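Single-letter residue listing:
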Amino acid sequence: SRAAAGRPHRAETPATKHSSEPCVRLHPATLARFAPILVLLLAGCSGERAESACTTCATLQVAAVREPPAILPPLVQETVGRDIGDRVFERLATMVPGGATIDAESFRPALAERWERVDPLTWRFALRPEARWHDGRPVTADDVVFSFDSYADTALGAMAGSALEGVRARAVDSATVEVRFPRPGTEQLYDATWHVRILPRHVWGDVPRDAWAADTSLARLVGSGPYRVASWQRGQSLTLDADSARAVLPEVRRLVWRFTADPEAALNLVLSHEADVLETVGGDEAAARVAADTSLRLVRYPAAVFGFLGFRLVDRRGTAHPVLGDRELRKALTLATDRAGLARALVGEGAMVPAGPMS
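What this report covers is the structure whose coordinates are included nearby. (Residues numbered from 1 in each chain as written. Predicted model: local features only at pLDDT ≥ 70, side-chain atom pairs only at ≥ 80, totals over all residues. Heavy atoms only, no water.)

**What to know about the pattern of salt bridges**
To keep things clear, this is the line we draw: Salt bridge criterion: a side-chain nitrogen from Lys or Arg within 4 Å of a carboxyl oxygen from Asp or Glu. Under the DSSP-based scheme used, a helix requires at least four consecutive residues in state H or I and a strand at least two consecutive residues in state E, with every element numbered from the N terminus. Only protein chains enter the area calculation, which uses a 1.4 Å probe; residues under 20% of their type maximum are buried, those over 50% are exposed, and those in between are partly exposed.
Summed over the entire model, instances satisfying the criterion amount to 20 salt bridges. For Arg197, the salt bridge identified is with Asp86, shortest N-O distance 2.8 Å. Of this pair, Arg197 sits in the loop between α4 (188–193) and α5 (201–204) while Asp86 sits in helix α2 (residues 79–88); the two residues are 111 residues apart in sequence, bridging distant segments of the chain. Arg197 gets classed as buried once you look at its relative accessible area, which sits at 10%.

**A look at the packing of aromatic side chains**
So the rule is basically this: Any two of the Phe, Tyr and Trp rings considered here, Trp counted by its six-membered ring, make a pair once their centres fall within 6.5 Å; the pair's planes then place it as stacked at under 30 degrees, edge-to-face at over 60, or tilted in between. Two thresholds decide whether a charge sits over a ring: the Lys NZ or Arg CZ must be within 6 Å of the ring centre and within 35 degrees of the ring normal.
Using the criterion set out here, one finds four aromatic pairs in the structure. Here Trp115 and Phe125 contribute two aromatic rings whose centre-to-centre distance is 6.3 Å and whose plane-to-plane angle is 45°, an arrangement assigned as tilted. Taken as a pair, Trp115 in strand β7 (residues 112–119) and Phe125 in strand β8 (residues 122–127) lie far apart in primary sequence, ten residues in all. Phe125 sits in the buried class, given a relative accessible area of 0%. With a centroid separation of 6.0 Å and an interplanar angle of 45°, the aromatic rings of Phe146 and Trp212 are classed as tilted. Of the two residues, Phe146 sits in helix α3 (residues 141–152) while Trp212 sits in the loop between α5 and β11 (227–233), which places them 66 residues apart along the sequence. Across this residue pair, the class does not change: Phe146 and Trp212 are buried. Linked through ring pairs, Phe146, Trp204 and Trp212 together constitute an aromatic cluster. Directly above the ring of Trp232 sits Arg234, whose terminal nitrogen or CZ lies 3.6 Å from the centroid.

As far as function goes, none of this settles anything; it's purely spatial.
Printed below as a string of C-alpha cells:
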C-alpha cells in the first residue's frame, strides 16, 4: 500500500491457493495477527519533498517487523522479504485486485506484453521488447527458462516449488517463451505468472544454487522492476530507489524499510512519526493508541490469509484417534459448530468464514 498526496491508498493481494491438508493447528495468538489493519501517516511521506517533477511525496518509510534474510524471490519465506522483492523483480503478468485465479481476464501485462493458450497444456508468452535489467541488458526468454528451472530446484527450497512440479519453460526465440504443464488445469495462467519472479541468468547462472542464500552481494540483486536496490544496512534498513531508466517512474521515488525486533517497536516508529506506514497492527489496544493520534489513520483491508482449526485425526502413537478418528462424529461436530462465532472470538470482528465445506 502507498500513501500519495496525503491520501491513503489500498492495494489488495490476489488470492493465494491453499493447502488441502485436513488440519493445521494454530494458537489463538497467531490467529489474532490475521486481522489486518494498516496504519498511514496522514501528513504524507517523510524526507525529500516535491523539488522534482513528482507531484506526490518522494520517500515512503515502512516500519517492518524483523529483517528478511533474503529478498531474492526463490529464497524468500517472509512477507517483508516478498514485499521488497516484488518491487525489484517482475512476474510475466500480474492480477488485478479482486481477480479470480481461473479467469484469464484477471491478468494484466508485466514482463510479458501478451500471451496465448497453445493447447490444453501450453501457454506462450511474448516479452516486452523494451524490458531491461537494471544493469541495462535486455530481458530474454532464456532468463524466463532459467527462472522456472531455479524455482523447481530443490536446492533453493522455493515455497512455490510444489505448485510448479512438472512445469517446464522453453525458449521459442529470444523474446518468446512457452510454459508447459504436466496436466490440464484451470489455474495454469495463475501458476505460470503469480509464483515465478523472473531472474537475470547472466547474474546468477554461474553461481551454484546451493550457494545463493550465502551470497549477500548487493551487486547481484539486479531486477527489472520499477525499483532497484540502493542500499542495505544489515540490521537497520533497506532502501529502494525508482529505476530512472524506465519510461514511467513510480509516484513514490524512494522506499525505505526500517527493520525492528518486534511489533511493538514497529508501532513505536509510526507513533513517533519516524515511519509512514505499518502494515499490520496487532490487537485492539495497539489500534487504540494509533487512533489517539489524529495525524495517523487506521485502514482495514481484506487479506488473502486463511487460518484453520482442525480435528486431531491420530493420537501420538500415529494410530487413529479413539474419538475423533470416527468420520461420522467429526461430521456431526462440524455441523454443530458455530464457525462464525468461533472466528470472531479468536480473530475479531473482521474475520470472515468462507462458504462451502472448508475447515
